[in-house]
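Fold and geometry: a report
Read off the chains here:
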Amino acid sequence: MASLSSSAISNHSLSPNAFVSKKICFFSNQCRALLLPQRSPICRMGFVSGLERKKTSKTNIFASVTDTSVGTSPEKVQLPKGDSWSVHKFGGTCVGSSERINDVAKIILSDESERKFVVVSAMSKVTDMMYDLILKAQSRDETYLAALDAVLVKHRSTAVDLLDGNELGSFLSALNEDISNLKAMLRAIYIAGHATESFTDFVVGHGELWSAQLLASVVRKNGVDCKWMDTREVLIVNPTSSDQVDPDFEKSEKKLEKWYSRNPSKTIIATGFIASTPQDIPTTLKRDGSDFSAAIMGALFKAGQVTIWTDVDGVYSADPRKVSEAVILKTLSYQEAWEMSYFGANVLHPRTIIPVMRYDIPIIIRNVFNLSAPGTKICRSSTTEDEVDQSLESFVRGFATIDNLALVNVEGTGMAGVPGTASAIFSAVKDVGANVIMISQASSEHSVCFAVPEKEVKAVSKALQSRFREALNAGRLSQVQVIPNCSILAAVGQKMASTPGVSATLFNALAKANINVRAIAQGCSEYNITVVLKREDCIRALRAVHSRFYLSRTTIAMGIVGPGLIGATLLDQLRDQAATLKEEFNIDLRVMGITGSRTMLLSETGVDLSRWRELQQEKGERADMEKFVQHVHGNHFIPNTVLVDCTADSVIASHYYGWLRKGIHVVTPNKKANSGPLDQYLKLRALQRQSYTHYFYEATVGAGLPIINTLQGLLETGDKILRIEGIFSGTLSYIFNNLVGRRTFSEVVAEAKQAGFTEPDPRDDLSGTDVCRKVIILARESGLKLELSDIPVESLVPEPLKDSASAEEFMQKLPQFDHDVAKKRQIAEDAGEVLRYVGVVDVVNQKGVVKLQAYKNDHPFAQLSGADNIIAFTTTRYKDQPLIVRGPGAGAEVTAGGVFSDILRLASYLGAPS
């Protein structure tokens, strides 16, 4: 008994068409193809198995798809073309079950087009099952038989659900015949331990054959005349060297006309994915082949439109899994869809667009599970009347990313002006079969860099090192550098070419998100701008640029440090304002963590601020500042991070420099950083000025009053500060505003403490240290390089009471020293003046002071009430009449409000509408 081996298959050029029955046909001139009605010619050839019968005579193996028409052909029916045809394509998910096939049939029946051509993929996961059959068989794994039975059961049960009577019997008969043929072929592959590409293509194409026949039967069951087409009889394609195929439109058109003359119908259900070579060998259209099938058929019919039915509502402006605010695009141009597809967007394969572009046939992307969604229209121009007045989003239509890339940089002074260097580089890359995604070259020709898939970079690097070994050794090339862990971000839009500032806006958004760009590429057509980034930055970058162009919510990940009086008040203000900020200003302030000195609360999606106190008790963990910062900043789905320090802790303030270097913005009412050692302050401010990372501290001086902002505005507009003088302490303002009549100093201090205006220990206020810190902050903002120790401070704490054991003891003994303040007060009153505790920055003489000062009764400082603060700026512009800022300068509500204002200012800087 003869055995069939891999070499035998190879020697006889055995094609899959030889395996279409239970026997291999070793035929002589008496052998004829069998005609089976309603079956593809590929499945109409009997054969006698060489495994069963030994032949001694020389044999030939029938190895092609043949034209099976015999006898007199029927009267030729002219193929109608044009807008009367509507082409639909349904993917595997759309026909994944009997219920879904019924739904697809309803869509076809509801289409009011005069003629309908429908392309279907295999049922969901069936193509993978078919590939698995090949893998198992060539691995000599006998479970391929059980796997084939699973394929049979899946389609048989689906048919039983959908069909009855003759339609069911006809389909099951064809299905069983196909399974029998596949079993014989897989057995041959099992014995040979190898499957050729054409064998594989033939096997996997059966999924489409079965789904097309099932859908056609369901449509006929609903009373509509319908034919099914095996597109291997019509579509002729030429394989290329790049694992793709090029359609032969001329031959395909002739085949289509011939097929239609034999099978005229106004509704045709056709197989996607599969086709034939010019030699009539079965093949496939490779990746996204069913979409390609629909586009080719649309072009052959010159159809009115091609609708690609999928499981999404249309083409998104960005991957909705990465950018939750991504929007459905109403229209895209062919070029825009092409670019987005190339860069990884789940739109269409670029080659799908080529056939329909020839005849300006629009492609509609629609959701089979949401028929109310209009989808996305891809056509010659993406401009619609509704979009003429749109702003930036009409220029940049979408964003796409490609991950798992490496950047290769070939660099050296010997490259400049040397012809053929680039050719040699990319010739070496081609030789190893690597795919170049992007190329960027400096005009100096000093370096060429390009991106390749990471899995191919080792081979590329090795090839370049080998090709340029002599140049590297001689020093003409300095290096072949590989930068791993990269991603590409592409901005796509047809109108970018005619719109100034698009690139600037893109790079500004990346800079504000603290994203470093490794390489840039842009064609002169300006359909896309491509940047290479660190892989870890890719999602943050995508969200940042999408937010900037589409005004999706400016989302900021927030970490609140210090949920004490001010921090807790801020959290409550954020809670109360969150909905308004989202709805009216597109700002999403998401608190990802709250930490105190002992306990911290972390959240992956954002703390529920309506019950943050309870959550802190229930889910709080031991405080760990490093872990806290990593958690808040490590969320790659949120492009911007801010840490809000609501403490008065110098240890926390010492972290600011490191946070800013990591790209974390800082907002704080904590005075310790700006009033601490001068060298650390200068280092912090220098870093802030050099980067796009922001450091806001308005509340350090005037709580909610715009003191820092006013001072910076004066300086930035060229004004010169001469003197800053003010009442900076709400506590001391209250005390001296209420020190009237016969009231004593200790009595008013006790009243202020009882009202909550002072610190738990009033000496912290009366010492003047807090005012001194505010003075030093303003002095440094004005350009003075002063240390805290350079500012003389008049303390209101009597010297004997500075070392009192407790606040209670201090308050008990304070009345003994009322006469000191009473004496100064009497002197002031005799002169028509009042006492006020002030801080002064004398910029002209480069000094500052904190003291108890007497002012005339008509002076603005004498007019205060309650705990108000007042600050007077004397400048070259405001010399005769100082610029006055006045208002409440103490209390948790106004301080938290000042911090909140800084957070919103940060959001505005990061792209939120103002």
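Up top is the structure.
In what follows, the accompanying structure is described. Note that this is a predicted model, so its numbers are computed, not measured. (Residues numbered from 1 in each chain as written. Predicted model: local features only at pLDDT ≥ 70, side-chain atom pairs only at ≥ 80, totals over all residues. Heavy atoms only, no water.)

Thoughts on helix H15 (residues 502-512)
Test applied: Only protein chains enter the area calculation, which uses a 1.4 Å probe; residues under 20% of their type maximum are buried, those over 50% are exposed, and those in between are partly exposed. In this text, helices come from DSSP runs of H or I with a minimum length of four residues, and strands from runs of E with a minimum of two, each type numbered from the N-terminal end. Any pair of residues with heavy atoms lying within 4.5 Å of one another is described as a contacting pair.
Three or more residues of H15 are buried, namely Val502, Thr505, Leu506, Ala509, Leu510 and Ala511. Looking at the buried positions of H15, the neighbouring elements they touch are strand E15 (398-411), strand E18 (479-492), strand E19 (517-522), strand E20 (528-534) and helix H16 (538-550). Residue Asn514 follows H15 closely and has a positive phi angle near 60°.

Describing the packing of aromatic side chains
This is how it is decided: Planes of paired rings set the category: under 30 degrees apart is stacked, over 60 is edge-to-face and the rest tilted, where pairs are Phe, Tyr or Trp rings (Trp by its six-membered ring) whose centres lie within 6.5 Å. Whether a charge sits over a ring comes down to the Lys NZ or Arg CZ being within 6 Å of the ring centre and within 35 degrees of the ring normal.
Scanning the model with the defined rule gives 14 aromatic pairs in all. Taken together through their ring pairs, the aromatic side chains of Trp85, Phe117, Tyr260 and Phe301 make up a single cluster. Seen from the ring of Tyr681, Arg780 lies directly overhead, with NZ or CZ sitting 5.1 Å from the centre. Over the face of the ring belonging to Phe696 we find Arg905, whose NZ or CZ atom lies 4.1 Å from the ring centre.

Digging into the packing of helix H9 (residues 289-301) against helix H11 (residues 350-357)
As a reminder of what qualifies: Lines fitted to C-alpha atoms define the axes here, with helix axes fitted over just the stretch in contact, and angles between the N-to-C directions of these axes take values from 0 to 180 degrees. Note on terminology: angles under 35 degrees are roughly parallel, angles over 145 are roughly antiparallel, angles of 65 to 115 are roughly perpendicular, and the others are oblique. Gly falls in the polar group here, along with every residue not listed as nonpolar (Ala, Val, Leu, Ile, Met, Phe, Trp, Tyr, Cys, Pro) or charged (Asp, Glu, Lys, Arg).
Where H9 meets H11, the closest approach of the two axes is 8 Å, and the angle between their N-to-C directions is 5°. With respect to H11, the element H9 is oriented roughly parallel. Residue-level inspection shows Gly289, Asp291, Phe292, Ala295, Ile296 and Ala299 of H9 in contact with H11, the latter providing Arg351, Thr352, Pro355 and Val356. By residue class, the composition of the contact of H9 with H11 is six nonpolar, two polar and two charged.

Some thoughts on the sheet that holds strand E11 (residues 305-310)
Sheet strands pair by backbone hydrogen bonding; their relative direction is either parallel or antiparallel. The test is simple: The pairing criterion for strands is at least two bridges between them, as found by DSSP.
Here we have eight strands laid out as an open sheet, ordered E5-E8-E4-E3-E11-E13-E14-E12, and mixed in their pairing. With partners counted over all chains shown, the strands left at the sheet margins are strand E5 (227-229) and strand E12 (331-333), one partner each. Neighbour-to-neighbour, the strand axes of this sheet turn through a mean angle of 20°, independent of strand direction. As judged from the five bridges shared by strand E3 (residues 85-90) and E11, these two strands associate in the parallel manner. Among the inter-strand pairings, Ser86 is bridged to a residue of E11, identified as Gln305.

Re the packing of helix H4 (residues 144-162) against helix H7 (residues 206-221)
Packed helices, taken two at a time, are described by their axes: the angle between them and the distance between them. At a closest axis distance of 11 Å, the pairing of H4 and H7 adopts a crossing angle of 5°. Taken together, the axis directions place H4 and H7 in an arrangement best described as roughly parallel. Of the residues in H7, those touching H4 at Val151, His155, Thr158, Ala159 and Leu162 are Trp210, Leu214, Val218 and Lys221.

Description of helix H13 (residues 457-467)
Formally: Here, the arc refers to the directions that run from the helix axis to the C-beta atoms.
Burial in H13 covers these residues: Val457, Val460, Ser461, Ala463 and Leu464. The buried residues of H13 occupy one face: seen down the axis, they fall within an arc of 165°. Turned more than 90 degrees away from the buried face of H13, the exposed residues are Lys458 and Lys462.

With respect to the pattern of salt bridges
Quick note on the threshold: Each salt bridge in this description consists of a side-chain nitrogen of Lys or Arg and a carboxyl oxygen of Asp or Glu lying within 4 Å of one another.
Using the criterion set out here, one finds 43 salt bridges in the structure. Across the pair Glu114 and Arg115 runs a salt bridge, and its minimum N-O distance is 3.2 Å. For Glu114, a relative accessible area of 46% translates into the label partly exposed. Its salt-bridge partner being Glu725, residue Arg723 comes within 3.2 Å of it at the nearest N-O pair. Overall, Glu725 belongs to the buried group, its relative accessible area being 16%. Salt bridges linked by common partners bring Asp572, Arg575, Asp576 and Arg613 together as one network.

So, a nonpolar patch on the surface
For clarity, the threshold we go by: Within this analysis, patches are made of residues with over 30% relative accessible area and no salt bridge. Like charges are joined at 9 Å or less; nonpolar side chains (Val, Leu, Ile, Met, Phe, Trp, Tyr) at 5 Å or less. Per-residue accessibility takes into account occlusion by the displayed protein chains alone, with areas from the Shrake-Rupley method and a 1.4 Å probe.
On the surface, a cluster of nonpolar side chains totalling about 270 Å² of accessible area is made up of Trp338, Tyr342 and Ile354. Relative to the elements of secondary structure, Tyr342 occurs in helix H10 (residues 334-342). Note on Tyr342: relative accessible area 37%, which makes it partly exposed.

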